[in-house]
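# Chain and residue survey
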Amino acid sequence: MLDKLLGRESLKTRIEALESEKEDLQQQLAAESDRRADAVTERQAAQRRVNELEDKVAQLQDRIERLQNTDRDLSVRHRERLQGERLTAVLDRLESIDAGPDRALTAFIGNGAVPAHVREAFGDRAPLIAEKSPCFALTDDAGVCSVALDPPITPMPFVEWGPGFDIDRSLFEPTGEFTLALVRSDLFAMGEYRGRERVAFHGFDSDLGRNHSKGGFSQARFERLRDEQIDNHLDRCRAALDERTTDRLYVVGERSVLGDVAAEANATAAVDATGDPEDALEDAFWDFWTTTLYAI
């Protein structure tokens, strides 16, 4: 009764109404703050996406301009045959690159088409990868490193992204125990190796007759005799290969005879190595274990 007489009851009612209004306003303010924070986050994400798209458009426009320049000569920037210590140093350098998670591309391209991921990674220079295939293709997302490698031993095609380049050294350098054989129609040389060290050798050559200068029956008879001599020589080669003590076998030499003796070989290659068997094998060894690098 006293509150009512003194007018305090109406004031209390007003205070309660104001407190309720204040609470509503505080809730509205908190909700607005949340919406504003979400809006700022969304705006920042949208701006980042816009920047990425602008960069992508600029890259595509630059690529179109380069492709429209018909006078531009598309060629490798550098070519080098690598072997021995130089090969090891270059592979070490490539393996030292740390591009960040899924920023470095390692791919082996066979004789078929270049995969889409590889074409995109190399851009307008992707035709050079197709031209040099079969080859390894290495690049990073910033294009700091961009090379193709033609190794002695070729794996199955693959494409993978990682923080660095995935290089199997056994495809590029002599590792572990293996046999390397040089087979020509008139020469055979075989070495067993531990890495680059030769631990055993066996070789021989065959004295094939020279081309006959006359035609007719004499020429035909000479050719048959020479074919028989080559067949006998290749029989000796196969017998020698059966005596090797290693599982891995690489056979190099004349392309015309490799198919006759290299059925069990892990890899083959045509090489031009001449001279006496031991010297020829030394030349063939380094010729086989050579990788060609192309700066793309």
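This text follows the structure it describes.
Below or above, wherever it landed, is the structure these notes cover.

Now for the pairing of strand β4 (residues 146-150). For a regular strand, side chains alternate in direction, first toward one face of the sheet and then toward the other. Burial of β4 is extensive: four of the five residues sit out of reach of the surface. By the bridge criterion, four bridges tie strand β3 (residues 135-140) to β4 in an arrangement that is antiparallel. Note on β4: the bridge partner recorded for Ala 137 is Ala 148. Linking β3 to β4, which pair antiparallel, is a turn of five residues; within it Gly 143 sits at a positive phi near 70°. Bridging between β4 and strand β11 (residues 291-295) involves four bridges; their strand directions are antiparallel. The residue bridging Asp 150 from the neighbouring strand is Thr 292, located in β11.

This part takes up the packing of aromatic side chains. Evaluated as defined, the whole model comprises 12 aromatic pairs. When the centroid spacing of 5.6 Å and the interplanar angle of 50° are considered together, the rings of Phe 178 and Tyr 250 count as tilted. Within this pair, whereas Phe 178 is found in strand β6 (residues 177-184), its partner Tyr 250 is found in strand β9 (residues 249-253), the two being separated by 72 residues in sequence. A residue is classified by how much of its surface remains accessible, and Phe 178, at 0% relative accessible area, is buried. The class for Tyr 250 is buried, based on a relative accessible area of 3%. One aromatic cluster is present, formed by Phe 178, Tyr 193, Tyr 250, Phe 285, Trp 286, Phe 288 and Trp 289 through successive ring pairs.

One open sheet holds the six strands; their spatial order is β1-β11-β4-β3-β2-β5, and the pairing between them is antiparallel. Two strands close off the open sheet at either side, each with one partner strand: β1 (78-82) and β5 (158-162). Each neighbouring strand pair of the sheet contributes to a mean axis angle of 15°, computed without reference to strand direction. Sheet strands touched by helix α3 (residues 84-95): β1, β3, β4 and β11. Its angle to β1, the strand with the most contacts, is close to 120°.

A few words now on helix α8 (residues 277-288). Compared with an ideal rise of 1.5 Å per residue, which puts 12 residues at 16 Å, α8 spans 16 Å between its outermost C-alpha atoms and is within 8% of the ideal. Here α8 has its buried residues at Pro 277, Ala 280, Leu 281, Ala 284, Phe 285 and Phe 288. Projected down its long axis, α8 carries its buried residues within an arc of 140°, all on one side. Its buried side turned inward, α8 meets β6, β7 (187-194), β8 (197-205), β9 and β10 (267-270). N-cap assignment for α8: the residue whose side-chain oxygen lies 3.1 Å from the backbone N of Glu 278 is Asp 276.

Another point: the pattern of salt bridges. Inspection of the entire model under this criterion finds 15 salt bridges. A salt bridge links Arg 103 to Asp 141; its shortest N-O distance comes to 2.8 Å. Here Asp 141 lies in the loop between β3 and β4 and Arg 103 lies in the loop between α3 and β2 (104-109), a separation of 38 residues in the sequence. The class of Arg 103 is partly exposed, set by a relative accessible area of 41%. Overall, Asp 141 belongs to the partly exposed group, its relative accessible area being 44%. Overlapping salt bridges, with partners in common, bring together Glu 85, Asp 92, Glu 95, Arg 169, Glu 173 and Arg 196 in one network.

About the cut-offs
- Here, residues in each chain are numbered from 1, in the same order as that chain's written sequence.
- This being a predicted model, a pLDDT of at least 70 is required before a residue's local features are given, and a value of 80 or more before pairs of side-chain atoms are given or counted; all residues contribute to the totals for chains, interfaces and linings.
- Excluded from the side-chain calculations are hydrogens and water; all other atoms, namely the structure's heavy atoms, are used.
- Buried means the residue's accessible area, taken with a 1.4 Å probe over protein chains only, is under 20% of the maximum for its type, while exposed means over 50%, and partly exposed covers the values in between.
- Segments assigned H or I by DSSP are reported as helices when at least four residues long, segments assigned E as strands when at least two residues long, and all are numbered from the N terminus.
- A pair of strands is treated as paired once DSSP finds two or more bridges between them.
- When two rings of Phe, Tyr or Trp (its six-membered ring) have centres within 6.5 Å they constitute a pair, described as stacked for plane angles under 30 degrees, edge-to-face for angles over 60, and tilted for the intermediate range.
- To get an axis, a line is fitted to the C-alpha atoms, and for a helix only the part in contact is used. The angle between two axes follows their N-to-C directions and goes from 0 to 180 degrees.
- Note on definitions: a residue-residue contact is assigned when non-hydrogen atoms from the two residues lie within 4.5 Å.
- A helix is expected to span 1.5 Å for every residue after the first.
- The arc under discussion is defined with respect to the helix axis, by the directions toward the C-beta atoms.
- Two N or O atoms form a polar contact when they lie within 3.5 Å of each other; inside protein one atom must be a possible hydrogen donor and the other a possible acceptor, and for residues adjacent in sequence the pair counts only when both atoms belong to side chains.
- For salt bridges, the criterion is a side-chain nitrogen of Lys or Arg within 4 Å of an Asp or Glu carboxyl oxygen.

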